[in-house]
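Coordinate inspection notes
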Amino acid sequence: MTISSTNSAEYFMDLEARYGAHNYAPLEVVLTRGENVWVYDVEGRRYLDCLSAYSAVNQGHCHPRIYETLVQQARQLTLTSRAFYNDQLGMFYRDLIAFSGYEMVLPMNTGAEAVETAIKTARKWGYTVKGVPANQAEIIVCEGNFHGRTTTIISFSSEPQYKQDFGPYTPGFKLIPYGDVDALKSAITPNTVAFLVEPIQGEGGVVVPPEGYLQESAALCRRHQVLFMADEIQTGLGRTGACFACDHEGVQPDVLILGKALSGGFYPVSAVLSSKEVLGVFRPGDHGSTFGGNPLGAAIARTALAVLQDEGLIANAAQMGDYFMAGLRRISSPYVKEVRGKGLLIGVELYAEAGGARRFCDALKEEGILAKDTHDTVIRFAPPLTITPEIVDWALQRIAKVLQA
Ligand SMILES: *Cc1c(COP(=O)(O)O)cnc(C)c1O
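Residues numbered from 1 in each chain as written. Predicted model: local features only at pLDDT ≥ 70, side-chain atom pairs only at ≥ 80, totals over all residues. Heavy atoms only, no water.

Things to note about the domain arrangement of the chain
Selection criterion: Boundary definitions for the domains trace back to an automatic or database domain assignment. Summed over both partners, the accessible surface that disappears when two parts come together, traced with a 1.4 Å probe, is what is meant by buried area. The working definition used for a salt bridge is a side-chain nitrogen of Lys or Arg within 4 Å of a carboxyl oxygen of Asp or Glu. Two N or O atoms form a polar contact when they lie within 3.5 Å of each other; inside protein one atom must be a possible hydrogen donor and the other a possible acceptor, and for residues adjacent in sequence the pair counts only when both atoms belong to side chains. Helical segments are the DSSP runs of H or I of at least four residues, strand segments are the runs of E of at least two, and each set is numbered from the N terminus. Here the nonpolar group is Ala, Val, Leu, Ile, Met, Phe, Trp, Tyr, Cys and Pro; Asp, Glu, Lys and Arg are the charged ones; every other residue, Gly included, is treated as polar.
Under the domain assignment, the chain is made up of domain 1 (9–59 + 315–403) and domain 2 (64–310). Taking only C-alpha atoms, the centre of domain 1 and the centre of domain 2 are 26 Å apart. With both sides pooled, the region where domain 1 packs onto domain 2 buries about 2,000 Å², and carbon together with sulfur makes up 56% of that total. For the domain 1 face of the interface with domain 2, the top three residues by lost area are Q59, K342 and L345, together amounting to 35%. Where R380 meets E203, a salt bridge forms, and the shortest distance between an N and an O atom there is 2.7 Å. Counting across the domain 1 and domain 2 interface gives 14 residue pairs in polar contact (both at pLDDT 80 or more). When residues in the side of domain 1 that touches domain 2 are grouped by element, the largest group, four residues, is from helix α2 (residues 52–55). Its residues assigned to classes, the side of domain 1 that touches domain 2 comprises 14 nonpolar, nine polar and three charged.

Structure follows, in structure tokens:
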């Protein structure tokens, strides 16, 4: 065996491959530093980050204000558990409520935990408020969904690889086609407690539903006393050029699920937001998390929200998204089937004959752009919301080169 030098990319990739489970197939780049939209590899090469950690880094890498909050709060108090009060959590609730317009918050850590929390919320609400018979609650979900990786969540995935060999599965979910209001109408029964949906399917390949879908689905849910639960873990917090993607259709979901950018990428913070009627179903001991609502996460999330607002990042995402998407549409390439998205959540779908999106992502990496293939044939472009027109121009030149090669 050849021993590569202990600071080379090969060395770090070797370590991961040798000792870590192979549940990812990363692009061959080893990152060591990030600053705003840029990341740097161990050999000093600079890349434009067009993934933003699946939209967890909307505020840009290592944002100095969020960093200051992290350091200051880490010196002060990090974790108490919720056996006690702390002086950060309530202020986080207050800020998140002011930002979102909801009445109540339940804090967790990862996105999947927040989705699990929303599922438990809907079920308990169904039994105790709607009056669904015990253990009969149904939740409707969409084909192509991505809501996380826990056993319950993969139970209602339509992606064979996500669930293969991980059964037995959690019952109580009904899959319907995405973007189809009639399918939702037919699927609702008296035992339906919730419709769980992504306003744009991110992992599903940046799938934008037909105009009016969210509004009509929400109205249908209201008519049948079904909770409309939006998973905005990826689409929320400015990514699509609005606070939340549901805002584009003027819809306020009954339950809103947030994660990812809620901490600006510093720390896992997620949350479920809803009304007092819905989140009010929880009693002490019903649900919890050791780290959920900890003062470090709460302080970080408050600053992460403030950065989105103070720096005008949501409006910038709208402007830069239009500019980026228009530029991508101008690239004439034999491989490109469609450019779609909203704000800075953009998917470039390639023809099947193009040979998959991965090889284009490898080529983009050589040009200094990190993007990730999603759903085999789609390249996702989702840079931090701090991106400028000059950097978009810089990226478009390189993307054009790769798509025209
Ligand atoms: C990333 C993501 C999740 C899961 O979040 P984790 O923090 O990885 O558990 C859930 N839903 C959507 C829409 C996501 O993009």
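Details of the sheet that holds strand β10 (residues 270–274)
To be explicit about the condition: Being paired, for any two strands, means DSSP has found at least two bridges between them. Angles run from 0 to 180 degrees between N-to-C directions of axes, and those axes are lines fitted to C-alpha atoms, restricted for helices to the stretch in contact. By definition in these notes, contact holds between two residues if any of their heavy atoms fall within 4.5 Å.
If you walk across this open sheet you meet the seven strands as β4-β10-β9-β8-β7-β5-β6, and the pairing is mixed. Unpaired on one side and paired on the other, β4 (104–108) and β6 (173–176) mark the two borders of the sheet. Strand-to-strand twist of the sheet, defined as the mean angle between neighbouring strand axes without regard to direction, takes the value 20°. Bridge count between strand β5 (residues 138–142) and strand β7 (residues 192–197): three bridges; the pairing is parallel. For I139, the partnering residue across the bridge sits in β7 and is A194. Of the strands in this sheet, β4, β5, β6, β7, β8 (227–231), β9 (255–258) and β10 touch helix α5 (residues 111–130), which is tilted by about 155° from β7.

Regarding the site of the ligand
Applicable threshold: Put simply, a residue is near a molecule or strand once any heavy atom of it comes within 4 Å of that molecule or strand. For the accessible areas, the method is Shrake-Rupley and the probe is 1.4 Å, while residue cover comes only from the protein chains on display.
Around the ligand sit T110, G111, A112, F146, H147, G148, E198, D231, I233, Q234 and K260, and those are all the residues in its vicinity. At 2.8 Å, a backbone N or O of A112 approaches an oxygen atom of the ligand. One nitrogen or oxygen atom from the main chain of F146 is found 3.3 Å from a nitrogen atom belonging to the ligand. Bound to the protein, the ligand loses 81% of the 380 Å² it would expose on its own. Partitioning the shell around the ligand into residue classes produces three nonpolar, five polar and three charged.

Concerning the pattern of salt bridges
What counts is decided by this rule: Each residue is placed in one exposure class: buried if its accessible area under a 1.4 Å probe, protein chains only, is under 20% of its type's maximum, exposed if it is over 50%, and partly exposed if it falls in between.
The tally for this structure, following the rule as stated, stands at 16 salt bridges. A salt bridge links K124 to D286, with the nearest nitrogen and oxygen atoms 2.6 Å apart. Placement of the pair is K124 in helix α5 and D286 in the loop between α10 (276–279) and α11 (295–310), with a sequence separation of 162 residues. Of the charged contacts in the structure, one is a salt bridge between R340 and E338, with a shortest N-O distance of 2.7 Å. A relative accessible area of 14% places R340 in the buried class. Using a relative accessible area of 36% as the deciding quantity, one classes E338 as partly exposed. Connected via shared salt-bridge partners are D41, E43 and R45.

Things to note about the packing of helix α4 (residues 89–100) against α11
Filter applied, for reference: Roughly parallel here means an angle under 35 degrees, roughly antiparallel means over 145, roughly perpendicular means 65 to 115, and every remaining angle is called oblique. Two helices that cross are described as forming a left-handed crossing if the nearer one is turned anticlockwise from the farther one by less than a right angle, and a right-handed crossing if clockwise.
At their nearest, the axes of α4 and α11 sit 8 Å apart, and the two run at 25° to each other. For the element pair α4 / α11, the angle class is roughly parallel. Where α4 crosses over α11, the two elements pack in a sense that is left-handed. Contact with α4, carried on its side by L89, M91, F92, R94, D95, L96 and F99, involves A298, A301, R302, L305, L308 and Q309 of α11 and no other residues of that element. Class assignment of the residues belonging to the contact of α4 with α11 gives a composition of nine nonpolar, one polar and three charged.

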